[in-house]
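An overview of the molecular structure
Each chain, letter by letter, is given below.
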Amino acid sequence: MIIATAGHVDHGKTTLVKALTGIDTDRLKEEKQRGMTIEPGYAYADFGCDEPLAFVDVPGHERFVRNMLAGVAAIDFALLVVAADDGPMPQTDEHLAILQLLGIRRGAVALTKIDRVPAERVNAVTAQLATLLSGTPLQDASVFPLAATTGDGVQALRNHLVSSARAMPRMAISGNFRMAVDRCFTLPGAGLIVTGAVTSGAAHVGDEVIVSPQGETLRIRGIHQHNRPADSALAGRRCSLNLAGGGLKRVAIERGDWIVAPSAHAPTERIDVHLIVHASQKSSLAHWTPVHLHIGAMVVNARVAPLDSREIKPGQSGLAQLVLDRAIPALHGDRFVLRDQSARQTIGGGWIVDPFGARRGRAKPERLARLTAMESTTPENALNALLAISPDGVPLQAFAQAWNLTPDEQVALFEAHAMIRFQDASELIGIAADRWALMRDRVTLALSEWHRDDPSSFGPTEAALAARLQLHRLPSAWRAACKSLCDDGIVVKQGVSLRLKTHQAVLSAEDAALLDQVSAVLISTGLRPPIVGDLARQLDMSQNMLVDFLERASRLGHLVRVAKNRYFLPETLERLAGIATQLAAESESGSFEAASFRDRSGIGRNLTIEVLEFMDELHITRFAGGRRKVISR
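As the structure is a computational prediction, the values presented were derived from the model and not from experiment.

Rules of the game
Residue numbers run consecutively from 1 along every chain, following the written order of its sequence. Reporting in this predicted model follows two pLDDT cut-offs: at least 70 for local features of residues, and 80 or more for side-chain atom pairs to be given and counted; totals over whole chains, interfaces and linings ignore these cut-offs and use all residues. Excluding hydrogens and water, the side-chain figures rest on all heavy atoms present in the structure. Buried Ala, Val, Leu, Ile, Met, Phe, Trp, Tyr and Cys residues that are joined via side-chain atoms within 4.5 Å together make up what is termed a nonpolar core. Relative accessibility under 20% of the residue-type maximum defines a buried residue, over 50% an exposed one, and the middle range a partly exposed one, all with a 1.4 Å probe and only protein chains included. Going along the chain from the N terminus, every DSSP run of H or I of four or more residues is numbered as a helix, and every run of E of two or more is numbered as a strand. It only takes one pair of heavy atoms within 4.5 Å for two residues to be counted as in contact. Polar contacts, as used here, are pairs of N or O atoms within 3.5 Å; protein pairs need one atom able to donate a hydrogen and one able to accept it. Residues neighboring in sequence count only if both atoms are side-chain atoms. In what follows, salt bridge is the name for a side-chain nitrogen of Lys or Arg lying within 4 Å of a carboxyl oxygen of Asp or Glu. Two strands pair if DSSP finds at least two bridges between them. Helix axes use the C-alpha atoms of the stretch in contact, all axes being lines fitted to C-alpha atoms, and the angles between their N-to-C directions lie in the range 0 to 180 degrees. Each angle gets one of four labels, with under 35 degrees taken as roughly parallel, over 145 as roughly antiparallel, 65 to 115 as roughly perpendicular, and the rest as oblique. Residue type decides the class: Asp, Glu, Lys and Arg count as charged, Ala, Val, Leu, Ile, Met, Phe, Trp, Tyr, Cys and Pro as nonpolar, and the leftover types, Gly among them, as polar.

Comments concerning the nonpolar core
Residues Leu80, Leu99 and Leu111 are the most contacted members of the largest nonpolar core, which totals 33 residues. Elements that contribute at least two residues to this core include exactly β1 (2-6), β2 (41-45), β3 (53-57), β4 (77-83), α4 (90-101), β5 (107-112) and α5 (119-133). Dropping the residues within four chain positions of it, leucine 80 is found in contact with Ala6, Gly7, Thr92, Leu96, Ala108, Val109, Ala110 and Leu133.

Points about the environment of tyrosine 567
For tyrosine 567, the location among the structural elements is in strand β30 (residues 566-568). Separated by 41 residues in sequence, tyrosine 567 and glycine 526 place their C-alpha atoms 12 Å apart. Those residues in contact with tyrosine 567 that sit more than four places away from it in its chain are Leu522, Pro529, Val532, Leu550, Glu551, Ser554, Val560 and Arg561. At 2.3 Å, the side chain of tyrosine 567 forms a polar contact with the side chain of glutamate 551.

Remarks on the pattern of salt bridges
The tally for this structure, following the rule as stated, stands at 24 salt bridges. In this structure, glutamate 551 and arginine 561 form a salt bridge, with 3.1 Å as the shortest nitrogen-oxygen distance. Placement of the pair is glutamate 551 in helix α16 (residues 543-555) and arginine 561 in strand β29 (residues 560-563), with a sequence separation of ten residues. Judged by relative accessible area, which is 37%, arginine 561 ranks as partly exposed. Of the charged contacts, one joins glutamate 586 and arginine 600 as a salt bridge, the two residues approaching to 2.9 Å between their closest N and O atoms. Of the two residues, glutamate 586 is situated in helix α17 (residues 570-586) and arginine 600 in helix α18 (residues 594-601); the sequence distance between them amounts to 14 residues. Judged by its relative accessible area of 37%, arginine 600 falls in the partly exposed class.

Comments concerning the sheet that holds strand β16 (residues 267-277)
Around the barrel, which closes on itself, the six strands sit in the order β16-β21-β19-β18-β22-β23 with antiparallel pairing between neighbours. Going from strand to strand, the sheet's axes swing by 40° on average, the running direction of each strand aside. In this structure, strand β19 (residues 298-306) lies alongside strand β21 (residues 317-329), joined through five bridges in antiparallel fashion. From the neighbouring strand, valine 304 faces β21, where its bridge partner is leucine 322. The sheet contacts of helix α7 (residues 365-374) involve β16, β21 and β23 (346-354), and relative to β23 the element is tilted by about 90°.

Here's the deal with the packing of α7 against helix α8 (residues 379-389)
In helix packing, the relevant descriptors are the interaxial angle and the interaxial distance, both defined with respect to the helix axes. Contact pair α7 / α8: the axes reach a minimum separation of 8 Å and the direction vectors enclose 155°. Taken together, α7 and α8 sit at an angle that is classed as roughly antiparallel. Contacts between α7 and α8 involve Ala369, Arg370, Ala373 and Met374 from the former and Ala382, Ala385, Leu386 and Ile389 from the latter. Class assignment for the residues of the contact of α7 with α8 results in seven nonpolar, no polar and one charged.

Structural notes on unusual backbone geometry
Residue serine 212 is joined to proline 213 through a cis peptide bond whose omega torsion reads 20°. Relative to the elements of secondary structure, proline 213 occurs in the loop between β10 (208-212) and β11 (216-225). You will see that tryptophan 288, though not glycine, has its phi angle at about 70°, which is positive. Positionally, tryptophan 288 belongs in the loop between β17 (285-286) and β18 (289-295). Of note in this structure, asparagine 404 is not a glycine but carries a positive phi near 60°. For asparagine 404, the location among the structural elements is in the loop between α9 (396-402) and α10 (407-415). Take asparagine 404: its relative accessible area is 9%, and that puts it in the buried class.

Take a look at the structure:
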């Protein structure tokens, strides 16, 4: 169990920790001279539990609330310390608000310095505390009057901590490894040491980890868990990691960084959150308010954009997007606290709903519906809710990363749901099985009606099919449904046209004869068909008459108009698309340049550009950063 003190300056937090553990957590010279805690201090004590209890002693002065937040970022139990002579003070209130915003529900109250006041004062402060804690998660917390300097009452508190530790459920070892760094130093003969609380997963000696957000890879050379040597660092424990690797020369680790498993490294600059504005605030939290975001042991500047209203009133909550001034590692469920721009008061806090906030349309109804689904308490419930409201499917890899699912957890979750999975470029998409079946039925019916209305046509292009389905365009889920029908032999894709396997286009005798002549020339010219003028001369016919036929044949799907004056056979375009697929497969990046396509196809620079731009329009390829990736075939 990780226990953190909280409370006003000079109320005896450090003295109490020393009385409980025998360790003075004030380690800095300045702390000794000034008699106050400035940096969080750490102590471990063996009280006869399964493992030592970890204590985090945080500063109480208002100037060091930032450091206090770093100390309580990942704890199990709060020890609120109130001096009997002073009673509750301003930082008592603020620290209590911070604990509440961080979701700390277990705790106790140490009423210190009772040797300095009469019994009546102890009773009066106890009554004040009951009022202060009423309505908070700590309203049922036990109060322990004590004098840390004499030891009076300390044993009763120690016994309570032991019973609380034994009763606390073990944190499940799930998710990818993540540890919030709160200290970093070097030891002679060991090298770099980082300490912090492990918030999820497990790591072992020899594992590779990432320093996030920097992205540098290091290796774990040694582990201490709750101040004891260990082979593993587990969720719910304070650990120190001895890190090694060539990347140490390129990275400067500091408080606020995270040490994570490679798959948990996903820095983000836009975070959608459930935000609670503390009732103590005098005004609403308005759109684009500048704030300090405290998450883990990190603090970063941010702007607040309420999503379901223009403001959030004191004591109320709502969805909001935090737009950060730099990328940070954050995942679903992470707790955070917001302080004002001058860092003088706590505004509110909450938890992350979606760490990958939308840049556009962040407040649209469909986006708010997705965030409501993501607010579910488990990934199972969230995925069910998302599948129910996502007609085009759910990006599963982004979902798994947001929820910090390990590969094994992903497989178990995805296989337990009645959904169809398909690949869209580099993203795996999941769509509800009943929705998938409906899409396939609608495509089949639309093709059947097309063939009935125009039996001379091969079938519609994707754009024409989208229009018949009353869609603005054919989204990736619909294209995947079409592909599945092709894979099942129900639909045939011929060039840019789709048709039912049972359909055969029937042309007039005159058009069929002319198509045979055109096809013979196009076959003989390979991958580079002639322009319309040259084709007309080879066929010894009027160019105007030929253009009329070519346009008619391309509308019916017998030919493909790639450029203004150049037509391809459907099978020729298929061969060119195959070259694009082959080039992408051969590349480590999964993409290719136009020059590579030109050299492999031999069709020349200008025609290469025309063909590739045409394939971009058909969503066969996607152009970005000077290279192309194959989307679908």
